[in-house]
Amino acid sequence: MFQVGNIYVIAAVAVIGGGLFGFDISSMSAIIGTAAYKCYFNQSGVENGNCGGPTAGTQGGITAAMPGGSWVGALASGFISDIFGRKKAIMIGCIVWVIGSTIICASQNIPMLIAGRVINGFSVGIESAQVPVYISEIAPPSKRGRLVAFQQWAITWGILILYYISYGSAFMGGRTDSTYSTAVFRIPWGIQMVPAVLLFVFMLFLPESPRWLARKDRWEDCHKVLTLVHGKGDPDSPFVLYELNDIREMCQFEARNKDVSYLELLKPNMINRTHIGIFTQIWSQLTGMNVMMYYITYVFAMAGYEGNANLLASSIQYIINVLMTIPALIWLDRWGRRNTMLVGAALMMVWMFTNAGILGSRGVVVPGGVGGVPAVSMRLSGAPAKGLIACTYLFVASYAPTWGPVSWVYPPELYPLRVRGKAVALATSANWAFNTALGAFVPPAFVNIRWKVYLVFGIFNLCMFIHAALLFPETAGKTLEDVEKMFEDPNGIPGIGTKPWTTRVEYQSMTRMERGDITKNKLGSIDHHDESPVREEKV
């Protein structure tokens, strides 16, 4: 079968899996404020024809159902990926997504909606864990950050596209409990299965990860993929031979360390990397970004927007999210991971503390909530309302080129080949565990602690800045095998390796190597017909 060799096409197809996550965010954030949704799933009574919708606790549960399923899916993806391959794991996720979307689209009640969102979440867990692994293992080092960052860009496009589909659907039917139309939410919930079908079909024409093939002792196939993607058809390309030799040396080392289980991630030589990967994903949630995505209509309702005006104003942040991710796609490999995270954490901290100050000093508490929605517990007007909106937009503009893409790029770079699938799955599962908790926490938090919600996230951003500054090393411009050597540095800190604050971006030297400027000693001793190490392994 024909296989695509252009790395940009490969990445563009694979990251459609990220788009599924974006679709899910909008399928809730753009819908929860509509009359159709609030009346069809109403639990809060009707006042003058206006429905209150699900209670704050129930809405938190509905929102949290997807990341809850994603947590399970991410953990399971490590086993699926190690057994069937990165490519087939992504394809399995597509099938699961179509099943979940069908159930959501046909939802007759809240339990059915939750069940569908859990199933969809399982799919997103697989895709969000294994798409970055797949791209990291097939991409050239100097482009790895850019290509994996396409995952975040796909998420932002997914959010934006389905949000406007939902915005258009919101004009169907009336605005009261007797005139609404369920087409308002059934159309976008049905359309969201289309990209999964496309992804499944397109994945048939992409190659498997060369590093996964090497781990399965399929060295001829590994060499063919490297030749196709990195060598432009030349099997004797210096960079192809360099990578093949690097992979071979790592596999020979790993052949002496056969056992691969989640417990290995807790061993002394792995615990530091495990904690960095997990906290990269945890901090990306504790920035407060996904909360802003899911519940943005609540924030704008506090600022005085209602109905379709609320939906339209909320959509601006999704446009900002798409546009501000572009700089990371262009320059992330030059900026590096570490500095990008530090700058992002500092800026987001400022906007969160500012929002807390605005709401705390100028917000007016509304008993029962604005429009009968308890989570919209405060009201602003005039300049303070504009300030709240401006800081919300600036927060999104700070997250989009920093923690948004880096949280997907960074974890797959940290781990050796033998544990990469499971390690990234574990890190991603931490993302979804906190996404679940925050999805359930925020509506009741807006009811009970109001403006202090922003204060909490501001403190989290301060903590992540300190943590990243002290313990997160730079991985940009290094092969995955070079990153492994950095963590195993005998002259570094025991259990940590090279001091994180001394690590630097090595973009220029890697681009020279990819152009073929490689000394003979870097190529090592390579024989195309060498017998590869025969390994038994536990999966």
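Going along each chain's sequence as written, the residues are numbered from 1 onward. Per-residue local features are limited, in this predicted model, to residues with pLDDT of at least 70; the limit for side-chain atom pairs, both in listing and counting, is 80 or more; totals at the level of whole chains, interfaces and linings are taken over all residues. Side-chain numbers come from the whole structure's heavy atoms, not from hydrogens or water.

As annotated in an unreviewed UniProt entry, the protein carries the name High affinity glucose transporter and comes from Vermiconidia calcicola.

A. Focus on the overall build of the protein. Counting from the N terminus, the helices are DSSP H or I runs at least four residues long and the strands are E runs at least two residues long. A count of helical and extended segments in the protein gives 24 helices and four strands. Just to be clear, the radius of gyration here is over C-alpha atoms, and the globule rule we use is 2.2 Å times residues to the power 0.38. Relative to the 2.2 N^0.38 estimate, which gives 24 Å for 539 residues, the radius of gyration of the protein is 24 Å and therefore close to what a compact globule would have. Considering only C-alpha atoms, the protein reaches an extent of 80 × 45 × 35 Å along its principal axes. Only protein chains enter the area calculation, which uses a 1.4 Å probe; residues under 20% of their type maximum are buried, those over 50% are exposed, and those in between are partly exposed. For the protein, the proportion of its 539 residues judged to be buried stands at 60%. It only takes one pair of heavy atoms within 4.5 Å for two residues to be counted as in contact. Across the protein, the fraction of contacts at a sequence separation of at least 24, relative to all contacts at a separation of at least 6, is 82%. To be clear on the numbers: accessible area is Shrake-Rupley with a 1.4 Å probe, and residue cover counts the displayed protein chains and nothing else. For the protein, the exposed surface amounts to about 19300 Å²; the carbon and sulfur share of it is 65%. Charged side chains in the protein number 42 positive and 35 negative. The centres of these two groups are separated by 8 Å. Asp and Glu are treated as the negative residues and Lys and Arg as the positive ones, with His and the ends of the chain left uncounted. Where a charge lies is defined by one atom per residue type, namely NZ (Lys), CZ (Arg), CG (Asp) and CD (Glu).

B. Up close: the packing of helix H2 (residues 16-29) against helix H7 (residues 144-169). Whenever a helix is involved, its axis is fitted only over the stretch in contact; in every case the axis is a line through C-alpha atoms, and angles between N-to-C directions fall within 0 to 180 degrees. Orientation of H2 relative to H7, taken along the N-to-C sense of each, is 35°, at an axis distance of 6 Å. Considering how the two elements wind past one another, H2 and H7 form a crossing that is right-handed. When H2 is examined against H7, the residues Gly18, Gly19, Phe21, Gly22, Phe23, Ile25, Ser26, Ser27 and Ser29 are found in contact with a partner set consisting of Gln151, Ala154, Ile155, Gly158, Ile159, Leu160, Ile161, Leu162, Tyr163 and Ser166. Of the residues belonging to the contact of H2 with H7, the class tally is 10 nonpolar, nine polar and no charged. Each helix crossing is assigned a hand: it is left-handed if the near helix lies turned anticlockwise from the far helix by less than a right angle, otherwise right-handed if that turn is clockwise. Only Asp, Glu, Lys and Arg are considered charged, only Ala, Val, Leu, Ile, Met, Phe, Trp, Tyr, Cys and Pro nonpolar, and every remaining residue, Gly among them, polar.

C. Representation of a nonpolar patch on the surface in the model. Patch rule: a residue counts if its relative accessible area is over 30% and it has no salt bridge; like charges are joined within 9 Å, and nonpolar side chains (Val, Leu, Ile, Met, Phe, Trp, Tyr) within 5 Å. Salt-bridge detection follows one rule: a side-chain nitrogen of Lys or Arg within 4 Å of a carboxyl oxygen of Asp or Glu. A surface patch of nonpolar side chains, about 1000 Å² in accessible area, is lined by Met1, Phe2, Met172, Ile187, Ile191, Val194, Val197, Leu198, Val201, Phe202, Leu204 and Phe205. Every element with two or more residues in the nonpolar patch is listed here: helix H8 (183-191) and helix H9 (194-203). If you tally residues by element for the nonpolar patch, the top one is H9, at five residues. With respect to the helices and strands, the residue Leu204 is situated in the loop between H9 and helix H10 (210-215). When its relative accessible area of 32% is taken as the criterion, Leu204 is described as partly exposed.

D. Geometry of the pattern of salt bridges. Following the criterion strictly, the structure yields 15 salt bridges and no others. Here Asp82 and Lys422 are joined by a salt bridge, their closest N and O atoms 2.8 Å apart. Note that Asp82 is positioned in helix H4 (residues 56-84) and Lys422 in helix H20 (residues 417-448), a separation of 340 residues in sequence. Lys422 carries the same exposure label as Asp82, and that label is buried. Note that Arg337 and Asp333 form a salt bridge whose closest N and O atoms lie 3.1 Å from each other.

E. Local environment of the nonpolar core. The nonpolar core is taken to be a set of buried Ala, Val, Leu, Ile, Met, Phe, Trp, Tyr and Cys residues, with the residues joined through side-chain atoms within 4.5 Å. Core analysis: the biggest nonpolar cluster contains 146 residues, and Phe21, Tyr37, Ile135, Trp403 and Tyr454 have the highest contact counts within it. Ranked by the residues each element gives to this core, the list is headed by H20, at 12 residues.

F. Geometry of H9. For H9, the full list of buried residues reads Pro195, Ala196, Leu199 and Met203. Looking straight down H9, one finds its buried side chains confined to an arc of 100°; they lie on one side. Contacts made by the buried residues of H9 are with helix H1 (7-14), H2, helix H5 (86-105), helix H6 (110-138) and H8. Regarding the arc, it is the one traced by the directions from the helix axis to the C-beta atoms.

G. Seen up close, the packing of aromatic side chains. Two aromatic rings from Phe, Tyr or Trp, using only the six-membered ring of Trp, form a pair when their centres are within 6.5 Å; if the ring planes differ by under 30 degrees the pair is stacked, by over 60 it is edge-to-face, and anything between is tilted. Tallied over the full model, the rule gives 20 aromatic pairs. Their ring planes at 85° and their centres at 5.0 Å tell us that Tyr40 and Phe41 sit as a pair that is edge-to-face. For Phe41, a relative accessible area of 2% gives the class buried. Three or more aromatic residues link up through ring pairs in this structure, and these residues are Tyr37, Tyr40, Phe41, Phe185 and Trp189. Put simply, a charge is over a ring when the Lys NZ or the Arg CZ is close to the ring centre, within 6 Å, and near the line of the ring normal, within 35 degrees. A cation over an aromatic ring shows up here: Arg186 above the ring of Tyr40, its NZ or CZ 5.3 Å from the ring centre. We note Arg248 situated over the ring of Trp219; from NZ or CZ to the ring centre the distance is 4.7 Å.

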